Amino acid sequence: MAVTVKRNPGDIIFSSITAVAACTVIVFIIGILFVLIRESSLAIENFGVIQFLTSTDWDPVKESFGALTSIYGTVVTTVLSLVMAIPVALGIAVFLTEVSPNFLKGPIGIAIELLAAIPSIIYGMWGLFTLSPIMGNTIEPFLKRATADIPLVSVLFQGTPMGIDILTASIILSIMIIPFTASIARDAFNLTPDVVKESAYALGATKWEVVKNIVIPYSKLGVFGGMLFSLGRALGETMAVAFVLGNNHRIFTSLFDSATTITVTLANEFTEADKDVYLSSLFYLALVLFVMSFVFLAIAKFFLLRAERRHAR
Amino acid sequence: MKTIFKVAVVLACMLSFTWAEAADKLNGAGASFPYPVYSAWAFDYNKATGVQINYQSIGSGGGIRQITERTVDFGASDAPLMPEQIAKAKLLQFPAVIGGVVTVVNIAGVKPGEMRLDAEATAKIFLGEIKYWDDKKIQSLNPKVKLSHDEITVVHRSDGSGTTALFTEYLNGVSPDWKTKVGAGTSVKWPVGIGSKGNEGVANYVQRTKNSIGYLEFAYAEQNKLTYTLLKNAAGTFVVPSFETFEDAADTGMFDPKNHFHLWLVNAPGKNSWPIAGATFILLAQEKTDANRKVVKFYDWAFRNGDPKAKELVYVPLPKSLKDKIRAYWKANGI
C-alpha cells in the first residue's frame with residue numbers, strides 16, 4: 001500500500017493525543033520504579049539484596065530489617081487462597097457456561113461482578129468483626145480436634161485458635177479472588193467452539209465428559225492465565241488482610257499463627273516509621289513486591305497470549 | 001472562545017479566593033492520637049476567630065518529616081523528639097495534651113480495677129515469661145482474686161503507633177530484661193502475642209478472647225467498658241487509671257523547657273501518678289516566626305478554653321503549671 005493519503009489535521013491531533021495518553025502509563029510505571037529504587041537505596045546499601053531477602057529479622061528498635069518473613073507470608077497466603085478459590089471459581093465457570101439454564105446466567109453473573117466490586121476495606125472489617133470470631137470460636141477448634149490424631153496434618157493446626165491468622169486471611173483473600181478467576185475462566189470456556197462440543201454430545205458424551213475432555217483441555221492456557229492474574233491480585237491485596245493477619249514477623253508452620261505479608265507490613269508500619277532506615281526498608285519491601293507482581297503478571301500475560309494465538313489459528 | 005474566557009474568569013476568581021483565604025489558614029499534620037481533640041479545638045477556634053486550622057492525621061512519622069521539610073505550619077508527634085533532633089532540624093517543641101495507656105484484661109470473674117499488676121509482672125507477661133494467670137508472681141500481687149491455670153493471651157498493636165511507643169517506653173524503664181530483649185518504639189519485635197490493628201482492634205480482641213491482656217488508649221478502655229487493671233507506680237501505690245491520676249503524673253513529671261520538654265511521662269514520681277502517661281507534642285519551624293505566632297495563638301486559646309472539650313473526649317488537659325512553662329518557652333523563643 002504505497003498510496004500516500006493526505007491526512008486530515010484532526011486525525012493527526014487525535015492520534016497524537018491518544019499516543020500521549022498511552023505513553024503516560026509507561027511514564028508512570030517507570031516513575032514509580034524509579035522512586036521505589038531511589039527511596040530504598042539507603043536500605044539496599046545497608047542490607048544488600050541477598051541478606052535482605054533471606055533475613056527473618058524485622059526489628060525497628062535495633063534497625064535491623066529483612067524481608068523473608070513478609071515474603072513467606074505473602075506467598076503462603078496467596079497460594080492457600082488460590083487453592084481454596086480455584087475449585088469454586090472453576091465450578092462457577094462450568095456452571096455458567098455449560099450447566100446453568102439461561103434465566104440463571106444473568107443473576108449469577110451479576111452477583112459475581114458485585115462480589116468483585118466490594119471495596120477491600122469492607123472485606124477487612126467484615127473479616128475482623130464477623131469472620132474471625134466465627135473462625136476462632138467454631139471452625140478452628142473443630143479443625144484442631146479433627147486433625148489432632150493425624151501425624152503431619154496436625155502440625156498445620158497447632159496453637160490456640162484466635163481467628164487472627166493465616167487461615168482467616170487466606171479465606172478472605174480467596175473470596176476476593178473468586179470473581180476474577182471465575183470470570184476469566186468463563187471467558188476461556190466460552191472460547192471452546194460449539195461445533196466441537198456438539199460433536200462430542202452427538203457421540204453420546206455426558207456433560208461431565210464434555211467438560212472434562214473437551215472444554216477444560218481446550219481452555220487450559222486461558223484458565224491458567226486467569227489463575228495467575230488472580231495470584232497477582234492476591235499478592236497485592238492489602239486492606240482486607242491487614243485487619244486479620246496481625247503483622248507478626250515470624251516464620252510460621254501452623255495455619256493458626258498470625259503472620260504478615262508485604263502489603264500488610266507496609267499498611268501497618270508506614271505512617272509511624274520514624275527512622276530513615278526503617279522507612280527506606282519499607283520502600284525496599286515495596287520494590288520487592290513490585291518485582292514479584294511484575295514477574296507473575298508477565299507470566300500470566302504470556303499464557304493468555306498463547307491461548308489466544310492458539311484459537312486464532 | 002467565549003467558554004474559554006468564562007472558564008478563565010472562574011478560575012481566576014477561585015485562585016484569588018484561595019489566596020485571600022490563605023492568610024487565615026494554618027496547616028498541620030502528624031499524630032493520629034490527638035486528632036479528635038485538635039479538630040474539635042480547631043472547629044471551636046474557627047467559630048471564635050475565623051481562623052481555619054487544617055490538621056491531617058497522617059501519623060507521627062509523617063508529621064515529623066513534613067515539618068522538617070517545612071511543608072506544613074506545624075507538625076505533631078506522639079513521641080517527643082530528642083533535643084539533638086530538634087537542634088538538627090531547627091525546630092521548636094511543646095506538649096499540647098496528655099493521654100494515657102491502660103492495661104486491660106479479660107478473665108472470667110475479674111471486675112474492672114480488681115486485678116493488680118506491677119511493672120515486673122507486666123514486663124514478664126509481655127515477654128512471655130509468665131505464661132499462666134495463676135503464676136506465683138501474679139497470685140502474690142492478688143491474694144484476694146481467684147486465678148485459675150489458664151494460658152495468657154497477649155494482645156498488642158499490629159500497626160506502628162504512639163500507644164505502643166508509650167507502653168514499651170514504660171516497660172523499658174522498669175525492666176532491664178525488656179530493654180535488652182525488645183526495647184521501645186512505635187513498632188517492636190514482640191516476643192509473644194497476637195497483633196490487632198488500632199486501639200479498636202485491641203479492644204475488640206481483648207473483649208472477645210478469654211484470659212487475654214492488652215494495652216490501649218485510656219479513652220477506648222472507658223468507652224468499651226473494659227476490665228482495666230490497677231498498676232503499681234514508682235511511689236509503690238496501686239493506682240486506678242483516671243483523670244486524677246493522669247493529671248498527677250503530668251503535675252509531677254519533670255518537663256524542662258531547656259530540653260524542649262523532651263519527656264516520656266512514664267513512671268512519674270507522684271504518689272498518685274498513673275505510670276503510663278504521655279504528652280503528645282507540637283513541632284514548629286524555628287525561623288517561621290509569623291506562622292508560629294498564629295499556631296501559638298491557637299494553642300494558647302486552646303489552653304485557655306479547650307479543657308472541657310478535651311475532657312469530654314477523654315484527653316487529659318495539661319496542668320496549669322505546665323501551661324505557664326510553655327508560654328514562657330514561646331516568649332523565650334521570640335514567638
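Whatever comes next refers back to the structure up there.
Residues numbered from 1 in each chain as written. Chains lettered and ligands numbered in written order. Predicted model: local features only at pLDDT ≥ 70, side-chain atom pairs only at ≥ 80, totals over all residues.

### Here we look at the overall build of chain A
Regarding its fold elements, chain A presents 12 helices and two strands. Each helix (α) and strand (β) of chain A, taken in turn from the N terminus, gives the series α-α-β-β-α-α-α-α-α-α-α-α-α-α. Taken along its principal axes, the extent of the C-alpha atoms in chain A is 70 × 65 × 30 Å. Across chain A, the fraction of contacts at a sequence separation of at least 24, relative to all contacts at a separation of at least 6, is 78%. (Helix = DSSP H or I, 4+ residues; strand = E, 2+ residues; numbered from the N terminus. Contact = placed C-beta atoms within 7 Å.)

### Structural notes on the overall build of chain B
Across its full length, chain B holds 14 helices and 12 strands. Its C-alpha atoms give chain B principal-axis dimensions of about 80 × 50 × 35 Å. Counting over 335 residues, chain B shows a buried share of 49%. (Buried ≥ 20, exposed ≤ 12 C-beta atoms within 10 Å, placed from the backbone.)

### A few points about the sheet that holds strand E11 (residues 238-239) of chain B
Residue and element names in this part refer to chain B. An order of E5-E10-E11 is seen for the three strands of this open sheet, with the pairing classed as mixed. Each edge of the sheet is formed by a strand with only one pairing partner; in this case those strands are strand E5 (116-117) and E11. Here strand E10 (residues 230-232) pairs with E11 via two bridges, running antiparallel. Bridge pairing links leucine 231 to valine 239 in E11. (Pairing = 2+ DSSP bridges.)

### Examining the interface of chain A and chain B
Counting residues at the interface gives 23 residues for chain A and 26 residues for chain B. Contributions of two or more residues to the side of chain A that touches chain B are made by strand E1 (58-59), helix H5 (120-147) and helix H11 (262-269) of chain A. When grouped by side-chain class, the residues that make up the side of chain A that touches chain B number 10 nonpolar, eight polar and five charged. (Nonpolar A, V, L, I, M, F, W, Y, C, P; charged D, E, K, R; others polar.)

### Observations concerning the pairing of strand E6 (residues 153-157) of chain B
Residues and elements named next belong to chain B. Both E6 and strand E8 (residues 212-217) contribute to a ladder of three bridges, which runs parallel. Its bridge partner being in E8, valine 155 is matched across the sheet by glycine 214. Where E6 lies against strand E7 (residues 194-196), three bridges are found, and the strand directions are parallel. Across the sheet, residue arginine 157 finds its bridge partner in E7, namely serine 196.

### Observations regarding the pairing of E8(B)
All names here are of chain B. Summarising burial for E8: six of the six residues are buried, a large majority. By the bridge criterion, six bridges tie strand E4 (residues 91-106) to E8 in an arrangement that is antiparallel. Following the sheet pairing, valine 104 is matched in E8 by glycine 214.

### Considerations on helix H3 (residues 68-99) of chain A
With 32 residues, H3(A) should reach 46 Å at 1.5 Å per residue; the first-to-last C-alpha distance of 45 Å fits that figure. Roughly 30° is the biggest bend found in H3(A), and it falls at A:Ala85, with proline A:Pro87 one to four residues downstream. (Expected span 1.5 Å × (residues − 1). Bend = angle between axes of the 7 residues up to and from the residue.)

### Considerations on helix H11 (residues 243-252) of chain B
Along H11(B), the positions that sit buried rather than exposed are B:Thr245, B:Phe246, B:Glu247, B:Asp248, B:Ala249 and B:Ala250. Residues of H11(B) that are buried in the fold lie against E4, E11, strand E12 (277-285) and helix H14 (320-332) of chain B.

### Details of the environment of B:Pro241
With respect to the secondary-structure elements, B:Pro241 resides in the loop between E11 and H11. With residues up to four places along the chain from it excluded, the contact list for B:Pro241 reads B:Gly100, B:Val102, B:Phe218, B:Tyr228 and B:Trp274.

### Comments concerning unusual backbone geometry
Residues and elements named next belong to chain B. Notably, arginine 70 is not glycine yet its phi reads approximately 65°, a positive angle. Structurally, arginine 70 can be placed in the loop between helix H3 (60-68) and strand E3 (74-77). Residue asparagine 267 is not a glycine yet carries a positive backbone phi of 55°. Counting through the fold element by element, asparagine 267 comes out in the loop between H11 and E12. With 19 C-beta atoms packed within 10 Å, asparagine 267 lands in the partly exposed category.

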